[in-house]
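Residue-level listing of the chains:
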Amino acid sequence: MEIGIIGLPQSGKTTLFNALTGLHVDLGYAGGRKNANRGVAKVPDTRLEQLSALFKPKSTVHATVNYVDLGGLSGEGRKSSGFPAEVLQTLKPCEALLLVLRDFDNTEMPHPDGPPNALRDLRTAQDEFLFSDLAICEGRIERLEKQIMKMKDKDLVYELDTLKLCHAALEDERPLRTVELDEAQRRVLRSYAFLSLKPLLVVMNTGEGADATRVDALREAAGGLGLRFLQVSANIEMELAQMDAEDAVEFLAEYGISEPALHRVVRESFTLLGLETFFTVGEDECRAWTLHQGSVAPVAAGVIHSDIQKGFIRAEVVPSASLLALGSMAACKDKGSLRLEGKEYVVQEGDVVHFRFNV
Ligand SMILES: Nc1nc2c(ncn2[C@@H]2O[C@H](COP(=O)(O)OP(=O)(O)OP(=O)(O)O)[C@@H](O)[C@H]2O)c(=O)[nH]1
Ligand SMILES: [Mg+2]
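Note that the structure is a prediction, hence the values are computed from the model and not measured.

*Asks:* It is not clear to me how helix α2 (residues 46-55) should be interpreted in this structure. Could you clarify?
*Replies:* An α-helical segment advances 3.6 residues per turn. Residues three or four places apart therefore align on the same side. What α2 keeps buried is the set Leu48, Leu51, Ser52 and Phe55. All buried residues of α2 project into a common sector of 100° when viewed along the axis, lining one side. Lining the buried residues of α2 we find β3 (59-61), β8 (275-280), β9 (285-292), α14 (320-326) and β12 (351-357).

*Asks:* Explanation requested: the nonpolar core in the structure shown.
*Replies:* General note: in soluble globular proteins, nonpolar side chains tend to be found buried as a group. Grouped together as the largest cluster of nonpolar side chains are 39 residues, with contacts concentrated most on Leu16, Leu20, Val65, Tyr67 and Leu98. Taken together, domain 1 (2-45 + 62-112 + 198-271) and domain 2 (294-357) each give at least three residues to this core, which thus spans both. Excluding its chain neighbours within four sequence positions, the residues that come into contact with Leu20 are Ile5, Val40, Ala41, Tyr67, Leu262, Val265 and Val266.

*Asks:* Help me understand the environment of Val249, please; the structure alone is not making it clear to me.
*Replies:* Within the secondary structure, Val249 is located in helix α10 (residues 245-255). Taking C-alpha positions, Val249 is 9.8 Å from Pro260, a pair spaced 11 residues apart along the chain.

*Asks:* How do you make sense of the sheet that holds strand β4 (residues 64-69) when you look at a structure like this?
*Replies:* Two strands in a sheet stick together by hydrogen bonds in their backbones, pointing the same way (parallel) or opposite ways (antiparallel). If you walk across this open sheet you meet the six strands as β2-β4-β1-β5-β6-β7, and the pairing is mixed. With partners counted over all chains shown, the strands left at the sheet margins are β2 (37-42) and β7 (228-232), one partner each. Each adjacent strand pair in this sheet contributes to an overall mean axis angle of 25°, direction not counted. Packed on one face of the sheet, helix α5 (residues 118-150) meets β1 (2-7), β5 (96-102) and β6 (200-205) and runs near 145° to β5. In this fold helix α11 (residues 261-272) packs onto β1, β2, β4, β5, β6 and β7, with an angle of close to 160° to the strand it touches most, β7.

Rules used throughout
- Residues numbered from 1 in each chain as written.
- Chains lettered and ligands numbered in written order.
- Predicted model: local features only at pLDDT ≥ 70, side-chain atom pairs only at ≥ 80, totals over all residues.
- Heavy atoms only, no water.
- Buried < 20%, exposed > 50% of the residue type's maximum accessible area, 1.4 Å probe, protein only.
- Helix = DSSP H or I, 4+ residues; strand = E, 2+ residues; numbered from the N terminus.
- Arc of directions from axis to C-beta.
- Contact = heavy atoms within 4.5 Å.
- Core = buried A, V, L, I, M, F, W, Y, C linked by side-chain atoms within 4.5 Å.
- Domains from an automatic or database assignment.
- Pairing = 2+ DSSP bridges.
- Axes fitted to C-alpha atoms, helices over the stretch in contact; angles between N-to-C directions.

Everything listed is a geometric property; what it means functionally is a separate question.
This is the structure we're talking about:
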């Protein structure tokens, strides 16, 4: 599962990518022509840190999110040409998108569309998504109509109807994620990888000084479009990510910041992907595992090892908050917080789970 970092040229995508992944990719004009950068970010989790403090394991393993940093949307002439093919190709497998909107001045690297205006850029990006989807939609509708004329296949007719529904929405400038679609329709659309259907997180890069009025205006606009929104200073976040822990604490205190904005970006990304966390604990390892929201206990077992899923008997479950409050598994058992759950149990965010299984 990968999140694509996308945005207009020079919006701070690579800066944010470096901050998220701790990598040191060169900044500057990539313009969509260089290869995409890929990296992994650790999901910050105070619950995991507290569990580790309790169990003092040999190792602590965080959940992770994968990011891919793409070049600019499409460089010159992008309004008429939509996305370049290689950007589309890279975006296709992304499960979600993170859109960086620039709202800072930088005379060395001027914004390609004039003075910074994140609201305008949000519209530009939105138009790009719609435009790209519309082109795919039209191409496929045309081919399907020809095929159906030759042979009336009911699956093809269903696909055509679904695409026409999408087409109408796109013509209306409505992103596909706002269209009500049932499971069967979603299945039909999956292979198209429509951009306006992917979950989207809007990240406003305000540079070093955020203007509250502008931030509020963009937050409202994003909210109006049903999008999640965060504001960061990509430069500050990158500097912070590259400091050692002691300096970072001092730096945060100096600016009166309680936690790096980056933490919120990673957590929001995780939620955007429809993921949740469960924990395993012990003296060897405390670990946060990643699971699709709504998964049942055997699926969670399978995340750890397929043998545990195959031989699944029961899951011993306690919410991490209870375990942290009571201080030990034994105390949880005494107080009745530790439950035995079966195959149907839907794992909850923050559960600490111990699987009983047969091999
Ligand atoms: N002042 C300021 N400059 C920033 C900030 N974020 C990025 N920049 C600068 O803006 C320029 C572009 O940043 P990049 O991170 O390379 O932007 P990008 O979106 O990856 O650019 P392309 O890949 O070429 O489209 C660099 O000179 C950065 O130092 C910020 O928060 N404040
Ligand atoms: Mg870049």
